[in-house]
Structure formats: structure tokens, C-alpha cells
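Structural description and commentary
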Amino acid sequence: MLVAGVDSSTQSTKVLLCQAEDGTVVGQSSAPHPDGTECVPELWWQALGEAGRGLLDRADAIGVAAQQHGMVVLDEEGQVIRPALLWNDMRSAPQAAALIAELGGPAQWARRTGSVPTASFTVTKLRWLAEHEPAFAKRAAYVLLPHDWLTWRLTGGRGLGDGAGARGGAGARGGADSRGGAGSRGGAGARGGAVEAATDRGDASGTGYFSPALGKWLPEIAAAALGHPVGLPRLAAPAEIVGRTPGGAALSAGTGDNMGAALGLGVGLGEVVVSIGTSGTAYAVAAEPAADESGLVAGFADATGRFLPLVATVNAARILTVTARLLGTDPSGLSSLALAAPAGAGGLTLLPYLDGERSPNRPDASGVLCGLTSTNTTPENLARAAVEALLCSLADAIGNLADCGITAQRVILIGGAARSEAVRRIAPAIFGVPVTVPPSAEYVALGAARQAAWALSGAESPPQWSLPGSSAEYTAEPVPLVRERYAALRDATVGWGA
């Protein structure tokens, strides 16, 4: 049997077709998305059609993983009201601050939702919609996440059900295990030809109106943000079949991109993953939910029934691409330049908050280059400073996890920027622990495919898939001076741009 995994990211849609029993990739394709911080969801659907051509129609089951947090608002007819606001849209930062205060402060948010919301979280975007586009807010009958919407579209998009469960009734159970059964009846919540939208607890945990600890929606928080009750997708069990395509392929619950990558990698308890893509993330699979009152660690759920405490940064691989453009080179050239410079970049330190930042929560921040002299302003040092800034930002994220009791013994490094030799070789010196770089693969799409195979099998746990190749190991002596200079610049610039 064959299963397909979809990764609908900020930048593109990727589709992998895999053998269900062992994960061997037998076909893959991709299609781009437009750049920006909001997107018309129909463009994701078109990209899925392009990337999935000749692949999805061969699959016995399909799983969709997608960028977290994106706000897809629909009217009573299931029509998209406005372009989706994406995770990297920082305009709702004032609304995040207001919502935190309204619920009683960061501690209350951490206790109830596992996270203290930043501008990335869906709940803050609902409040922004209510304040800035009240006519659209009034029309909003349902709010979905990108993966929810794509999974629903794959069923044929025949309606969203009555939404009753989504508003806190039956559909808010989240724990019922109807593995395999719902899909054979034509889709979870099927009623008169209408297929109720479904989601999983992993992606739901990034909304700001879900409790990972309790495994249920908190619809009153969504309603308070938007100004009226709104329909939410039914919460599916991790290995549930939530519907079928018109062609008969089973659809798994799907999940968020970070949860998909963890499933694709087969991350075990205590392993820390650092992913460097459009965003940067550091996360670990945990047996117990996290509730960090500082707001730095998001207490997410994973795609298997466990938890995924996570720290996310807005600025990641783009730090390297912007610096490469400034130096008139490409990512490979930047890597070579960085490796030609000494540790510490001759005294240059870059604070890489080019597009504001989420961790720490500084949405109005900008980048700062410190330590310039007439002798150290070389292409090599600037390239090195960019790589070190990226890694110092993520080392801070690893430290945030440690503050919650998750200490990294090694780091698994993935994402597009993990292909950079400079990033690989400098990372252990900045992180202070060995770094493992698994074989290059589309781990988000692979995790979505593994989830689809799990749903198809009806087994108690996901199938055992091997990684497609061998991993590379990197070690280096720690260079604490780089972290110290970075921390000094980070702390000295608090309040800049506010």
C-alpha cells in the first residue's frame, strides 16, 4: 500500500508518496506559495493540486501537515472570508498583550492553554479581526487552521457540519478513539453528505484556545477574542481516519508542521530538535504537558498523544539569505565566507531580529549589528556574525527548554539551513553539545505520511520507519564568549523600536 504525506509550509507545498510498511519514498514533488504574511487559502489548494498531481491519486491514505497558527475564517456556507493571517504576521501584537491581561496574566494563560500567546497565535488574530475588520469578524462562523482546511478540502469540501461540537459540545471530546471507523462511514461527523472539519490536538495546541493538558477546546476564549461564538473543527484521535477523498483514499487527522517533523524523525523522549527553516524552532517530545509562565516555551501537544514543548523564533534561515544578498553571494558562498572567519567574527555581533521577534517577544524589534571597526568589517566576519547570530538565537531557545526541565544531551539539527556546512560545524560550538544532522529529507511530509500509514493500519502505535540514509555527527569546543557578547547585545536593546 502507498501513503502520501503533505507539507503545506509558508513557502511551498511538498508531497511525498511512500510505501506504508517501511516509509520508502517512491515519488515526490513540490509547488511554491506566494511570499508574505497572509495568503489566500485557495492558493494552497492550487499548489497541493500541482504538487500532488500523479501522487495523491495513487495513495491509499493521505496525511496533511501544515504551518501552525494560520487563521482561516469561513462564513456559514464554508466560504473563505479573507486571506489567512499567517504565523509570521506580527500585526496582532497589541491584541496579544490585551488578551493576556484580560484572562488574568501570563500565569493564567499558561495554566489554561499551556502557552502565553504571542502575535503568532490564532487567538490574537481573531481579536485583530474583530477590532480592525468587524464586518468580516461578524460573518465568521468557523475558524480553521491551514491543515484543517486542506484536509477538509480533500474530502470534497461538502460542508462543515453544524459546528455544534466545535462550539464546546460533542465534537470537543478529542479523546474518543474511532480509529478507522469514521472514515469508513464517509467521514467524521458525516451528516446528510456534509463532512465536519476535523483537526488534531497537536495543531490545535497552537491556537490559544485549546488545553493540551485536558485535551479539549476552550471555546469561550475563542468567543471572547472574536466577539461571538465560532465553530471549531472536531478534535480527532491521533490515528483516526477523519474522512475520505472522493476517490476513496483515507484521510488521517493531520497535524502542525513541527509535530509532523517530530513524527517523521521518530523523536524519542528527551531528544531536542532544532529546525532552521522559515522559522526556527527548538522542541522535544515529553510525557507531561508544559506550562511556562514566562511565555517563552509553548506547551504544545504532539501528534501521538504526548506533548511537544517548543520555542519558536520568527527569524531563522532568512538571516542567512538576507546576509548573503547583502554580500552579493548565495547560501553556499556565505557558508564558505563564514568558515574563513574566526570564532567571534572579529568582534562583530548581530542581533538578528530582522522581522521583529517572537522568542523573546519583541514584535517591534529590528536587527542590530554591533562592534564595527575599520579592521573587522570584512565579508568573512559579517558572514560569520550572521551564522553565529542565528545559532545564538536558537541556543537561547534550547536554554528556555532547559528552564522547563528538558536538558539537551545532543541536538538533532534539521531544516533547510541545516544543509549549510558553516551552520553544521559552528552549531556544536554555540550549543555546547554534540549535533546530529540526519539525512536530508522532507521530515514534515514524511511525518504526515507516517501518520496516514498509522491511521490506515489501525495499530496502537505508528509504524516503525527507518530514516532514509545515515546521519552526520558534529562536535566542537564551546566558545562561550560568542554567547556572552550576543546576550549582552540582546539585553542592551530591550525596548528598542517599541
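Please read all numbers here as calculations on a predicted model, not as lab measurements. (Residues numbered from 1 in each chain as written. Predicted model: local features only at pLDDT ≥ 70, side-chain atom pairs only at ≥ 80, totals over all residues. Heavy atoms only, no water.)

**With respect to the pairing of strand 19 (residues 307–313)**
This is how the line gets drawn: For the exposure calls, accessible area comes from a 1.4 Å probe over protein chains only, and a residue counts as buried if that area is under 20% of its type's maximum, exposed if over 50%, partly exposed in between. Only DSSP runs of H or I reaching four residues or more are called helices, and only runs of E reaching two or more are called strands; each is numbered from the N terminus. By the convention used here, strands pair only if DSSP detects at least 2 bridges between them.
In terms of residue burial, strand 19 counts as a mostly covered element, since seven of its seven residues are buried. Residues Phe 307, Pro 309, Val 311 and Thr 313 of strand 19 are buried on one face, and the alternating residues Leu 308, Leu 310 and Ala 312, pointing to the opposite face, are buried as well. With four bridges joining them, strand 18 (residues 298–301) and strand 19 adopt antiparallel strand pairing. Across the sheet, residue Ala 301 finds its bridge partner in strand 19, namely Phe 307. In this antiparallel pair of consecutive strands, strand 18 and strand 19, the connection spans five residues, and Gly 305 shows a positive phi of 110°.

**Topic: the packing of aromatic side chains**
Selection criterion: Each aromatic pair joins two rings of Phe, Tyr and Trp (for Trp, the six-membered one) with centres within 6.5 Å, and gets the label stacked for planes under 30 degrees apart, edge-to-face for over 60, and tilted for any other angle. Criterion for a charge above a ring: Lys NZ or Arg CZ within 6 Å of the ring centre, and within 35 degrees of the ring normal.
For the structure shown, the criterion picks out four aromatic pairs. Ring centres of Trp 44 and Trp 149 lie 6.5 Å apart, and the angle between their planes is 70°; on these two criteria the pair is classed as edge-to-face. In this pair, Trp 44 sits in helix 1 (residues 41–52) while Trp 149 sits in helix 6 (residues 146–154), placing the two residues 105 residues apart along the sequence. The same class applies to Trp 44 and to Trp 149, which are both buried. By way of ring pairs, the aromatic residues Tyr 209, Phe 210 and Trp 217 are connected into one cluster. Note that Arg 91 overlies the ring of Trp 128, its terminal NZ or CZ placed 4.8 Å from the centroid. One cation-aromatic arrangement involves Arg 153 over Trp 45; the distance from NZ or CZ to the ring centre is 4.5 Å.

**Looking at the sheet that holds strand 22 (residues 411–414)**
Heads up, the condition is: The angle between two axes is taken between their N-to-C directions and runs from 0 to 180 degrees, where each axis is a line fitted to C-alpha atoms and a helix contributes only its stretch in contact.
Read across the sheet, seven strands follow the order 18-19-17-16-22-23-24 without closing on themselves; strand pairing throughout is mixed. Where the open sheet ends on each side, the last strands, each with one partner, are strand 18 and strand 24 (472–474). Between one strand axis and the next, the sheet turns by 30° as a mean value, whatever way the strands run. Of the pairings in the sheet, the one linking strand 17 (residues 280–284) to strand 19 comprises four bridges and is antiparallel in character. Residue Gly 280 lies in a different strand from strand 19, and its bridge partner there is Thr 313.

**Considerations on the side chain of Ser 115**
Filter applied, for reference: In protein, a polar contact requires one atom able to donate a hydrogen and another able to accept it; more generally it is a pair of N or O atoms within 3.5 Å, and residues adjacent in sequence count only if both atoms are side-chain atoms. Residue contacts follow a heavy-atom distance rule, with two residues in contact if any of their heavy atoms lie within 4.5 Å.
When you line up the elements, Ser 115 lands in the loop between helix 3 (106–113) and helix 4 (122–132). For Ser 115, a relative accessible area of 1% translates into the label buried. In terms of polar contacts, Ser 115 uses its side chain to reach the backbone amide nitrogen of Gly 299, at 3.0 Å. Here Ser 115 is in contact with Trp 109, Ala 110, Phe 121, Ala 298, Gly 299 and Phe 300, once residues within four sequence places are set aside.

**Focus: unusual backbone geometry**
Here the amide bond leading from Ser 359 into Pro 360 is cis, since omega sits at 5°, within 30 degrees of zero. Following the sequence through the fold, Pro 360 ends up in the loop between strand 20 (349–351) and strand 21 (368–370). Positioned with a positive phi, His 69 is a non-glycine residue whose angle comes to about 75°. As for its placement among the helices and strands, His 69 is situated in the loop between strand 5 (61–66) and strand 6 (72–74). The exposure class of His 69 is buried, given its relative accessible area of 3%.

**Quick notes on the confidence of the model for the protein chain**
Note: predicted coordinates in regions of low pLDDT should not be interpreted at a detailed level. The following threshold applies: For every residue, the predictor reports its confidence as pLDDT, a number between 0 and 100.
In the predicted model, the protein chain carries a mean pLDDT of 91, and the fraction of residues at 70 or more is 92%. Low pLDDT, under 50, characterises residues 162–194; the predicted model gives this stretch 67 contacts beyond four residues in sequence or across chains.

**A short note on the layout of surface pockets**
Any empty space left between the atoms is revealed when a probe the size of a water molecule rolls over them. Rules: Both cavities and pockets are sets of points on a 1 Å grid over the protein atoms alone; in a cavity a 1.4 Å probe fits but cannot get out, in a pocket the set is open with protein on both sides within 12 Å along at least five of seven lines, and lining residues sit with an atom within 4 Å of a point. Grid points are joined across faces, edges and corners, and a volume is the space filled by probe spheres set on the points. Asp, Glu, Lys and Arg are counted as charged, while Ala, Val, Leu, Ile, Met, Phe, Trp, Tyr, Cys and Pro are counted as nonpolar; the rest, among them Gly, fall into the polar class.
As a volume, the largest pocket reaches approximately 850 Å³. Taken together, 41 residues make up the lining of the largest pocket; nearest its centre are Ser 275, Gly 277, Thr 278, Gly 415 and Gly 416. Listing elements by their share of the lining of the largest pocket, those giving two or more residues are helix 10 (257–265), strand 16 (272–276), strand 19, helix 11 (317–326), strand 22 and helix 15 (443–457). Residues belonging to the lining of the largest pocket are distributed by class as follows: 17 nonpolar, 16 polar and eight charged.

**Section: the pattern of salt bridges**
Once their charged atoms are close, side chains differing in charge can pair, the charge on each being opposite to the other. This is how the line gets drawn: Salt bridge, as used here: a side-chain nitrogen of Lys or Arg that lies within 4 Å of a carboxyl oxygen of Asp or Glu.
As enumerated under the stated definition, the model contains 20 salt bridges in all. The residue Arg 384 makes a salt bridge to Glu 388 at a minimum N-O spacing of 2.9 Å. Placement of both Arg 384 and Glu 388 in helix 13 (residues 379–403) is noted, with a separation of four residues, approximately one turn of the helix. Of the residues examined, Arg 384 reaches a relative accessible area of 10% and is grouped as buried. When its relative accessible area of 4% is taken as the criterion, Glu 388 is described as buried. In this structure, Asp 396 and Arg 490 form a salt bridge, with 2.8 Å as the shortest nitrogen-oxygen distance. Linking Asp 396 in helix 13 with Arg 490 in helix 16 (residues 480–492), this pair joins segments that are 94 residues apart in sequence. The exposure class assigned to Asp 396 is buried, which follows from its relative accessible area of 15%. Using a relative accessible area of 18% as the deciding quantity, one classes Arg 490 as buried. Three or more residues joined by partner-sharing salt bridges are found here, namely Glu 38, Arg 82, Asp 89, Arg 91 and Glu 133.

**Side note on the side chain of Arg 201**
Summarising the element assignment, Arg 201 is placed in helix 8 (residues 201–204). Engagement of the side chain of Arg 201 in a polar contact is seen with the backbone oxygen of Arg 306, the distance being 2.8 Å. Not counting chain neighbours up to four residues away, the residues in contact with Arg 201 comprise Phe 210, Pro 212, Ala 301, Asp 302, Gly 305, Arg 306 and Phe 307.

**A short note on the packing of helix 13 against helix 16**
We apply this condition: Comment on the angle field: the value is read as roughly parallel under 35 degrees, roughly antiparallel over 145, roughly perpendicular from 65 to 115, and oblique elsewhere.
Between helix 13 and helix 16, the shortest axis-to-axis distance is 10 Å and the interhelical angle comes to 80°. In terms of axis orientation, helix 13 runs roughly perpendicular to helix 16. Seen from helix 13, the contacting residues are Glu 388, Ala 389, Cys 392, Ser 393, Ala 395 and Asp 396; seen from helix 16, they are Val 482, Arg 483, Tyr 486 and Arg 490. Partitioning the contact of helix 13 with helix 16 into residue classes produces five nonpolar, one polar and four charged.

**Quick word on the packing of helix 12 (residues 331–339) against helix 13**
Contact pair helix 12 / helix 13: the axes reach a minimum separation of 7 Å and the direction vectors enclose 100°. Relative to helix 13, the element helix 12 lies roughly perpendicular. Counted together, Leu 334, Leu 337, Ala 338 and Leu 339 of helix 12 and Pro 379, Glu 380, Ala 383, Arg 384 and Val 387 of helix 13 form the full contact between these two elements. For the contact of helix 12 with helix 13, the residue count by class is seven nonpolar, no polar and two charged.

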